[in-house]
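What follows is each chain in one-letter form.
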Amino acid sequence: MTFTTPQIDWVPLTPILIVLGAAALGILLEAFIKAPQTRRLVQVGVALFALTSAGAVAVAHWVTLEGAGTIVMRDMVTVDRQSIAWQILIVLFAILAALLYADRTKAGEGAFTPLGAAAPGSAEETLARRKGLELTEVFPLLLFATGGMMLFTAVTDYVFLFVALELLSLPLYIMVSLARRRRLLSHEAALKYFLLGAFSSALYLFGAALIYGATAQTSMVGVGTLIPLIGGNDPILMVGVVMVLAGLFFKLGAAPFHSWVPDVYQGAPTPVVAFMAAATKAAAAAALLRIIYTSVHTLGWELNILIWTVAIASMVVGTVVALAQTDIKRMFAYSWIAHAGFILVAVAGFSDEALSALPFYVLTYGLASVGAFAVMTQVREREADGTVAAEAPRLGQWTGLGSRSPFLAGAMALFLMSLAGIPLTAGFVGKFVAFGAALSVGAWPLALIGVIASAVAAFFYVRLIVLMFFTDTPDVVKDAVAIDETPLARAVIIATGVSVLVLGVFPAWALGLSDQAAVFVTGLAGS
Amino acid sequence: MLSLTWALIAVPLASALVLLLVGKRGDSWAPWAGVGASGATFVVGLGAYIELLSRDASDRSHHQHLFAWITGGELKVDAGLLVDPLSLTFVLLVSMVGTLIHVYSVAYMAEDKNRRIFFAYLNLFIAAMLLLVLADSFLLLFVGWEGVGLASYLLIGFWNYKPEYATAAKKAFVVNRIGDIGLIVAMGLMFAAFGALDFETVLGGAAGASEATLTGIGLMLLLAATGKSAQFPLQSWLGDAMAGPTPVSALIHAATMVTAGIYLIVRSAAIFNGAPTAQLVVAAVGAITLIMGAVIGMAKDDIKKALAASTMSQIGYMMLAAGLGPIGYAFAIFHLVTHGFFKAGMFLGAGSVMHAMKDQVDMRRFGALRGAMTITWVTFGVGWLAILGVPPFSGFHSKDKIIEAAFVGEGWQPWIFGGAALIGAGLTAFYMSRLFFMTFHGKARWTDDQHPHESSWLMTVPMIILAVGSAFLGLILASGDRFATWLEPVTGHVEHHDPVLSIPVIIGATLLLVALGAFAAWRLYGAREVVPVATQGSLATIAARNDLFQDQINEALYQRPGQHVTRMLVFADAAVVDGAVNKQAAGFLKWGESWRRLQTGYVRSYVGTILGGLLIVLLIVVLGGL
């Protein structure tokens, strides 16, 4: 048996290598820097530096790239314009998330528990808090997850994709469990996420095995070239494809694979939710596009039925159940599920437009949700003795925010309007191009359902706006809810708010870039 | 100066913004800044005129592309300015009369504590009006069109602490909206027919379009013109618009903005030339309005409202001329220019009188003012002779041409239109002479606290300049058909047509009717004593005093039924639309509540959901594949 060393073109991988290298460095720093405050500063610095330089390298690569891109490792990894675009988005979201990770309240407390290993409410935890310990591993974890997501967008092999999937998932499971407040809820969320994640990974892996069984191939392009020969009637191939996609739908949060989303959103620390909402969505959408466009699109009609079903289920479940929510994070969780449906609407019919529409769409969605979660870190409960405690989760606690903090309420209203797709916000343009992609291939029933779902969804978005601006603050809320003011979260709110407005009013430039992203080195695009 | 045309709009607009934003600090210098901005437009306009004049007649059109404005699907509109003899005529009229009125306003508004805002609005008007006439597309014209509407609304309601003034502003706004819909629909039709909105494509392609399309566009443009120019049937707002300060009435509601409708029609000549029916309607609207305005003017005792009725009537003349086709376009614009001078002059005279008489507007309380206000009397007198059409004053040259042109044609049309124009001339002579005699002659009927005096030089100088224009401009422009030749590149060359009556007969009849009208007015109001309180009068007088019941007709025909429809719609909205939506919302909420229960919190049930979902999806895929 001969074994040939793979030829690897390292240069296009530089952004991913920077991020993963910095993550490894961060783990080392954990061991060598003892003083918690210094360590925290160094970790924040390393993370931000690594992310910005990775972003800069990726942008430079985009600018200097001639043609569609490069095959980095045969059949395994391809860095093309499509994947670079997604990587830039993921890095952007990671930078915003890192700022939220590093933020701390006026009382000086971060979003993460000082000692993740301690049992909630135990003596060790109290001691750790008193000693001012810092759980700075979250920064390397963030970098690992980011690196995994970036890789996720570029992988072109079913088995290697599984590696990237686990690389991005495992850090997320840990980070979900590290909330400073409501520790039990956080642990529960992490456990559920882990169990369900493991289950869906198993589905994915089993699906990949079935595909291999049917085609003797693990490369996406290889499978894609064989499908027309085998045909869509082969049950092993069909079941395999459905299970592989089910694993991705799980990450994307599409119904009926969505049940983890509300619980995880509710329990996880808010910065982690912000990161997941934006970056996981981007990574999952990118991988989904790559699998569909380079590999399984040749299934045609059968695949389309699957996408239509899941898209409709996601939009309906997401919007309808969101109506009944009283917890703001759960409401956003269901909105996230609905947005998974909107993404699938764009994919339906496999139009070329979807390849350019989705990066823009996920950008608008990610900016608005990161901004909204940043606002959530500012609205907190106040305990009887006057200390500011955990974030205020119930919608009722947001009553009258407009008069107490016009800035926060105004920003939140802007993000909500963008998520609802009101014109002159980025979300409108995003929905416009996404639904336009579906219309271009005649999938108008889906687009119609999408528009109706958006209209229904507007109800619960606007309900929060009405609560914030047009309802008087009850005294109970006035006393029990405190407005925090932390510089980093405010910076994130301003940055995302301005971007949402700019992309809403002058979308042409970003849309033009997004158009250029509609390129795969191999596969359907352009053909 | 042609390359500086953008400054014609930018300078007054910038000045308006500065004056609005600068706050009270600017109160001291605001009036002169306003005058400066307006004066700058006149200088630039004059420069452009000289430059254009040095070119060949065939080359007198300068198109300045500004920026790509709208690119949406098939609609591409660039913002650009078109300087040609027609637009430049308006630029010169607007900037010159505008500047004079700015100067006049410095004195007229000296006591008003909000004069900074007043000058900001005036500058805004100048900018919008110049944009309207310089635009190179109907869409950009529409921006200016709305801009002058906005400025007009703001200035009519400038003293909006008086509820009836605020109501007048609203009325002008609402009536104008109806006209604006016409312009919007016209643009829609143009886009459907020509796929563009710029003058070049639309007017250039008009010759190839069907007559039905052109008639539709033409009628919609006419609707727009009737709203802005206070023509029948959208004339009712102009009288109430006199609520604004008098300089505003002079500038916006006499000399410039109300003539925008004429500009629109003359600019769209290519469309109307291909739509004889639309042209006929234009002429008919003009004829009706010119008689209507004159009749209303005969009974008004409010000096400004009488002048407003006269404006309506005079614009009716222009509309009639514009409806006559190529033979009338140049004369419509010619009369527009001379009218701009003499009517603005008379409005300023009326303002001067009001200034002297403590804002009294009832002519029955005037009389014998010629002694107290000699300059006002003389300048107003020149304007009066001009509007009567007494040779050699300006109005004679322009109005007489319209009457002659109205008598050109075949069949019944020349007799109807010519007759209306002829009778209108007689009526004009009567009501304008009535106004003049009641104000300046006869016995003084002043109230005790009124001590009339001549106004300051800031007010009299603009009046004198306008009076000079009213006296000689017509003669200068008419000699050798100078004005018609100047406009020829836009309105087209016209062969001479003979009227159905010979020209000396027409001139003779006109002058005879004018003399009769003026004489009747002298007998009734000059020589006889005028009672300070109006008597009941005949049925006809009552009708005319009430604007021929236009408000009552509007109320009965549109407002009342409109209110009923609105009430019905509100009811239907609450019962049907809201009812359905609320029921649906409640249904969705219940749905959400029931599905929410699926979210049990147990991992085992979540896994069940995923697995069940996967099986269902598989089933759907397999079944769908069969």
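Going by the structure above, here's the rest.
Residue positions are given per chain, counting from 1 as you read along its sequence in written order. The order in which chains are written sets their letters, starting at A; the order in which ligands are written sets their numbers, starting at 1. At least 70 in pLDDT is required for a residue's local features to be given in this predicted model, at least 80 for side-chain atom pairs to be given and counted, and no such filter applies to totals for whole chains, interfaces and linings, which use all residues.

**Q** Please provide a residue-by-residue account of the overall build of chain A, values included.
**A** Every helix listed is a DSSP run of H or I at least four residues long, and every strand listed is a run of E at least two residues long, numbered separately from the N terminus. Across its full length, chain A carries 21 helices and 5 strands. Counting every position in chain A, which comprises 527 residues, the buried fraction comes to 60%. Counting only contacts in chain A whose residues sit at least 6 apart along the sequence, the fraction spanning at least 24 positions is 80%. Neighbour density around each residue's C-beta defines its exposure: 20 or more other C-beta atoms within 10 Å make it buried, 12 or fewer make it exposed, and counts between make it partly exposed, where C-beta atoms are placed from the backbone. Note on contacts: residues are paired as contacts if their backbone-placed C-beta atoms lie within 7 Å.

**Q** Account for the overall build of chain B, naming residues and giving values.
**A** Within chain B, the secondary structure is distributed over 25 helices and 2 strands. Sorting the 626 residues of chain B into buried and exposed places 52% on the buried side. Put simply, 81% of the contacts in chain B that link residues at least 6 apart link residues at least 24 apart.

**Q** Go over the nonpolar core with me, naming the residues and quoting the values.
**A** The nonpolar side chains of a soluble globular protein tend to be buried, and buried together. Membership of the largest hydrophobic core comes to 214 residues, with the highest contact counts inside it found for Phe 93 and Leu 142 of chain A. With 19 residues, the single largest contributor to this core is helix H11 (residues 270–294) of chain A. Judged by nonpolar contacts, the second largest core, of 204 residues, contains Ala 230, Ala 243, Phe 272 and Ala 278 of chain B. What makes a nonpolar core is a set of buried Ala, Val, Leu, Ile, Met, Phe, Trp, Tyr and Cys residues, with links drawn between C-beta atoms within 7 Å.

**Q** Just give me the short version of the sheet that holds strand E5 (residues 481–483) of chain A, but keep the residues and values in it.
**A** All names here are of chain A. If DSSP finds at least two bridges between two strands, the strands pair. Taken in spatial order, the 3 strands make up an open sheet running E4-E3-E5, and their pairing is antiparallel. Bordering the open sheet on either side are strand E4 (388–391) and E5, each of which pairs with just one other strand. Averaged over all pairs of adjacent strands, the angle between their axes in this sheet comes to 50 degrees, without regard to strand direction. Direction of pairing for strand E3 (residues 379–382) relative to E5: antiparallel, over a ladder of 3 bridges. When the sheet's bridge partners are listed, Val 379 is paired in E5 with Ile 483. Where helices are involved, their axes are fitted lines through C-alpha atoms of the stretch in contact, as for all axes, and angles between N-to-C directions lie from 0 to 180°.

**Q** I'd like to hear about the interface of chain B and chain A, residue by residue, with values.
**A** Facing the 23 residues of chain B at the interface are 30 residues of chain A. At the level of elements, helix H24 (550–596) and helix H25 (603–625) of chain B are the ones that each hand at least two residues to the side of chain B that touches chain A. Looking at which element gives the most residues to the side of chain B that touches chain A, the answer is H25 of chain B, with 13 residues. Side-chain classes follow a simple rule in which Ala, Val, Leu, Ile, Met, Phe, Trp, Tyr, Cys and Pro form the nonpolar group, Asp, Glu, Lys and Arg form the charged group, and the remainder, Gly included, forms the polar group. In terms of residue class, the side of chain B that touches chain A is built from 14 nonpolar, 7 polar and 2 charged.

**Q** Before we move on, can you summarise helix H14 (residues 303–323) of chain B with the specific residues and values?
**A** Residue and element names in this part refer to chain B. The terminal C-alpha atoms of H14, which comprises 21 residues, lie 30 Å apart, in line with the 30 Å expected from a rise of 1.5 Å per residue. Burial analysis of H14 places 21 of its 21 residues in the buried class, which makes it a mostly covered element. Phi for Gly 325, located one or two positions after H14, is positive at around 90 degrees. Expected helix span is computed as 1.5 Å times (number of residues minus one).

**Q** Go over helix H9 (residues 235–252) of chain A, please, and point to the residues and values.
**A** An α-helical turn contains 3.6 residues, so a residue and the one three or four places further along point in the same direction. A rise of 1.5 Å per residue sets the reference length of H9 of chain A, with its 18 residues, at 26 Å; its end C-alpha atoms lie 25 Å apart and thus fit the reference within 8%. Within H9 of chain A, 16 of the 18 residues are buried, leaving the element largely enclosed by the surrounding structure.

**Q** Please provide a residue-by-residue account of the pairing of E3 of chain A, values included.
**A** All names here are of chain A. As defined by bridge partners, E3 adjoins E4 across 2 bridges and the pair is classed as antiparallel. Bridge pairing in E4 places Arg 380 opposite Glu 391. Here E3 folds back onto E4, and the loop between the two strands holds 5 residues, one of which, Gly 386, carries a positive phi near 95 degrees.

**Q** Outline the packing of helix H18 (residues 394–406) of chain B against helix H22 (residues 503–527) of chain B, listing residues and values.
**A** Residue and element names in this part refer to chain B. Put simply, H18 and H22 touch, their axes get as near as 10 Å, and they point 125 degrees apart. Between H18 and H22, the crossing angle belongs to the class labelled oblique. As for the relative orientation of H18 and H22, their crossing is right-handed in sense. Only Ile 503, Ile 506, Ile 507 and Thr 510 of H22 make contact with H18, whose side of the interface consists of Asp 400, Ile 403 and Glu 404. An angle below 35 degrees is treated as roughly parallel, one above 145 as roughly antiparallel, one from 65 to 115 as roughly perpendicular, and anything else as oblique. With the far helix as reference, a near helix turned anticlockwise by less than a right angle produces a left-handed crossing, and one turned clockwise produces a right-handed crossing.

**Q** If you had to explain the pairing of strand E2 (residues 77–80) of chain A to someone new, which residues and values would you point to?
**A** Residue and element names in this part refer to chain A. The alternating pattern of E2 places Val 77 and Val 79 and Thr 78 and Asp 80 on opposite faces, both of which are buried. Of the pairings in the sheet, the one linking strand E1 (residues 69–73) to E2 comprises 4 bridges and is antiparallel in character. Among the inter-strand pairings, Gly 69 is bridged to a residue of E2, identified as Asp 80. The hairpin formed by E1 and E2 contains 3 residues between the paired strands, and Asp 75 there has a positive phi angle of roughly 60 degrees.

**Q** Please set out unusual backbone geometry residue by residue, giving values where relevant.
**A** The amide bond that connects Ala 255 of chain A to the next residue, Pro 256 of chain A, takes the cis arrangement and shows omega of 0 degrees. The peptide bond linking Phe 232 of chain B to Pro 233 of chain B adopts the cis configuration, its omega dihedral lying at 5 degrees. Among the secondary structure elements, Pro 233 of chain B is positioned in the loop between helix H8 (211–228) and helix H9 (237–240). Look at Arg 182 of chain A: it is not a glycine, yet its phi comes out positive at around 50 degrees. Residue placement: Arg 182 of chain A occurs in the loop between helix H6 (158–176) and helix H7 (183–215). Among the residues examined, Arg 182 of chain A registers 18 C-beta atoms within 10 Å and is labelled partly exposed.

**Q** An account of the packing of helix H10 (residues 260–267) of chain A against helix H13 (residues 328–347) of chain A is requested, with residue identities and associated values reported.
**A** Residue and element names in this part refer to chain A. Orientation of H10 relative to H13, taken along the N-to-C sense of each, is 140 degrees, at an axis distance of 8 Å. Judged by the inter-axis angle, H10 sits oblique to H13. Here H10 and H13 pass one another in a crossing that is right-handed. Contacts between H10 and H13 involve Val 261, Pro 262, Tyr 265 and Gln 266 from the former and Lys 329, Arg 330, Phe 332, Ala 333, Tyr 334, Trp 336 and Ile 337 from the latter. When the residues that make up the contact of H10 with H13 are grouped by side-chain class, the tally is 8 nonpolar, 1 polar and 2 charged.

**Q** I'd like to hear about the environment of Tyr 334 of chain A, residue by residue, with values.
**A** Residues and elements named next belong to chain A. Inspection of the secondary structure assignment puts Tyr 334 in helix H13. C-alpha separation for the pair Tyr 334 and Val 317, spaced 17 residues apart in sequence, amounts to 7.6 Å. Setting aside residues no more than four positions away along its own chain, Tyr 334 makes contact with Pro 262, Gly 318, Val 321, Ala 322 and Gln 325.

**Q** Give a detailed account of the environment of Asn 546 of chain B, specifying residues and quantitative values.
**A** Residues and elements named next belong to chain B. Structurally, Asn 546 can be placed in the loop between helix H23 (539–545) and H24. Asn 546 gets classed as partly exposed once you count the C-beta atoms within 10 Å, which come to 13. Spatially, the C-alpha atom of Asn 546 lies 7.8 Å from that of Ile 296, the residues being 250 residues apart in sequence.

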